[in-house]
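# Close look at the chain arrangement
Residue-level listing of the chains:
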Amino acid sequence: MELRQMQYAVAVAEELHFGRAAERLLVAQPSLSRQIRDLERDLGVELFERTSRQVRLTAAGSAFLVAARRALAAVDSSREAALDAASGVRGTVTLGFVASAAIQILPELVRWHSRARPGVRLTLREMTTEEQVSAIQEGSIDVGLSRDLEEREGITVSAVLREPLLAVVPSAHPLHSRRTIGIRDLADSQVVTLPRERVPRAWDRLVVLAHESGTRLHFAQEANQFATLLALVAAEVGVAVVPASVRALRQDGVHYLRLRDDGAWTDVCAVARDDNVNPTARDLQALLQKRSHSKS
């Protein structure tokens, strides 16, 4: 029994006329009749009672019609699922993300992606930018949301969002009443930051900003999370420099000041392997780029 024969039998059953069924199927009537006879021979039953005036379904034909419709619907569903998977709108994708992206960027991204791609299961893994690079190269994640990652061989990096960097000072700090400052204004303060081995690019950017302004920063304390970092600032352990989205953590006892230095920004980037053949990964990359353009 062939799929085509089931389609022919359903058409005849719905039209109850071989001529009309042949016209609907765009085949010659003799060919249609021959295929129905071959199908009945293969099944060992008659599906239709034929007279010179009419065509009627037999009991076996009625039962076959129900099963054939189900089978054809399953074939259509399978075809659609395969096409969706090939185009990236059905399947699974693993996204790595830096902790700072989880504050504001990630929740919006996950909501938006679930609406745009309801057939894709998105798995999330928090990791640093350096960990993402290794995971992408090894294939344990498909796409990464990193910060300030430079282009490198075998990896595609595309900017998703550029955020300004903000200085965070305690409420009692001499600078707290200012709206904007330069990085050199922090030269007399102790600076608290995330561990250098975890965020080497953030450290390097601060060092470069300070150098370009003709000063040096004094790093006094490290914290593993932004919430802890802000708590240390509130406790007057020091000042900090953070992406603008960190303001959403709403720590009491701190003030945020815009940095006016030219390089006082940070890029959230989408990262993936050039040779990643996972359609859902490529689709997520394209959606991230499209989303970034709509935000710009």
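As shown above, the structure is provided for reference.
Everything numeric in this text was worked out from a predicted model, so none of it was measured.

### Details of the overall build of the chain
Helix and strand counts for the chain come out as nine helices and twelve strands. By the compact-globule yardstick of 19 Å for 296 residues, the chain is too spread out, its C-alpha radius of gyration being 32 Å. Taken over the C-alpha atoms alone, the chain extends approximately 105 × 40 × 30 Å along its principal axes. Split into buried and exposed, the 296 residues of the chain put 45% on the buried side. Working note: accessible area of the chain is about 15800 Å², and carbon and sulfur atoms make up 48% of it. The centroid of the 38 positive side-chain charges in the chain is displaced by 6 Å from the centroid of its 37 negative side-chain charges.

### Description of the pairing of strand β5 (residues 143–147)
Burial analysis of β5 places five of its five residues in the buried class, the great majority of the element. When strand β3 (residues 91–97) meets β5, the two strands line up parallel, connected through three bridges. When the bridges of β5 are listed, F97 appears paired with L145. Alignment of β5 against strand β12 (residues 265–273), held across four bridges, turns out to be antiparallel. Counterpart to L145 in the pairing with β12 is A270.

### Quick look at the packing of helix α2 (residues 18–25) against helix α3 (residues 29–43)
Angle between the axes and distance between the axes are the two parameters that describe a pair of packed helices. Close contact between α2 and α3 brings their axes to 9 Å; oriented N to C, the two are set at 105°. Relative to α3, the element α2 is oriented roughly perpendicular. Within the contact between the two elements, α2 uses F18, G19, A21, A22 and L25 and α3 uses Q29, L32, S33 and I36. Broken down by class, the residue content of the contact of α2 with α3 amounts to six nonpolar, three polar and no charged.

### Description of the side chain of T193
Residue position: T193 is located in strand β8 (residues 190–193). Setting aside anything within four residues of it in sequence, one finds T193 in contact with W203, F219, Q221, E222, A223 and L229.

### Considerations on the packing of aromatic side chains
Following the criterion strictly, the structure yields two aromatic pairs and no others. When the centroid spacing of 6.2 Å and the interplanar angle of 70° are considered together, the rings of F18 and F48 count as edge-to-face. Placement of the pair is F18 in helix α2 and F48 in strand β1 (residues 48–50), with a sequence separation of 30 residues. Of note, R162 hangs over the ring of W265, and the distance from its end group to the ring centre comes to 3.5 Å. Against the face of W265 rests R205, its NZ or CZ located 4.3 Å from the ring centre.

### Some remarks on helix α5 (residues 105–116)
Between the first and last C-alpha of α5 there are 16 Å, a value that for twelve residues agrees with the 16 Å anticipated at 1.5 Å per step. Of the positions making up α5, those classed as buried are I105, L106, L109, W112 and H113. On an axial view of α5, the arc spanned by its buried residues comes to 135°, and they lie on one face.

### A short note on the environment of V241
Relative to the assigned elements, V241 resides in strand β10 (residues 240–243). Taking relative accessible area as the criterion, V241 reaches 16% and is therefore assigned buried. With 46 residues separating them in the primary sequence, V241 and L287 have C-alpha atoms 30 Å apart.

### So, the nonpolar core
Counting residues in hydrophobic clusters, the biggest one holds 20 residues, and the most contacted among them are V12, L32, I36, F48 and F64. For this core, the elements supplying multiple residues, two or more each, are α1 (3–15), α2, α3 and α4 (59–87). For this core, the leading source of residues is α1, giving seven residues. When residues no more than four places from it in sequence are discounted, the contact partners of L32 are Y8, V12, F18, A21, A22, L25 and V27. Membership of the second largest hydrophobic core comes to 18 residues, among which are L95, L109, L145 and A272.

### Here we look at the environment of S213
With respect to the secondary-structure elements, S213 resides in the loop between α7 (200–212) and β9 (218–222). Along the chain, S213 and G182 lie 31 residues apart, while their C-alpha atoms are 8.1 Å from each other. Beyond its immediate stretch of four places on either side in the chain, S213 contacts I183, R184 and D261.

Each value, and the rule that gives it
- Residues numbered from 1 in each chain as written.
- Predicted model: local features only at pLDDT ≥ 70, side-chain atom pairs only at ≥ 80, totals over all residues.
- Heavy atoms only, no water.
- Helix = DSSP H or I, 4+ residues; strand = E, 2+ residues; numbered from the N terminus.
- Rg over C-alpha atoms; globule rule 2.2 N^0.38 Å.
- Buried < 20%, exposed > 50% of the residue type's maximum accessible area, 1.4 Å probe, protein only.
- Areas by Shrake-Rupley, 256 points an atom, 1.4 Å probe, with all protein chains shown as cover.
- Lys, Arg positive; Asp, Glu negative; His and termini not counted.
- Charge placed at Lys NZ, Arg CZ, Asp CG, Glu CD.
- Pairing = 2+ DSSP bridges.
- Axes fitted to C-alpha atoms, helices over the stretch in contact; angles between N-to-C directions.
- Parallel < 35°, antiparallel > 145°, perpendicular 65-115°, else oblique.
- Contact = heavy atoms within 4.5 Å.
- Nonpolar A, V, L, I, M, F, W, Y, C, P; charged D, E, K, R; others polar.
- Phe/Tyr/Trp six-rings, centres within 6.5 Å; stacked < 30°, edge-to-face > 60°.
- Lys NZ or Arg CZ within 6 Å of the ring centre and 35° of its normal.
- Expected span 1.5 Å × (residues − 1).
- Arc of directions from axis to C-beta.
- Core = buried A, V, L, I, M, F, W, Y, C linked by side-chain atoms within 4.5 Å.

Everything listed here is a matter of coordinates, which is why it stays silent on function.
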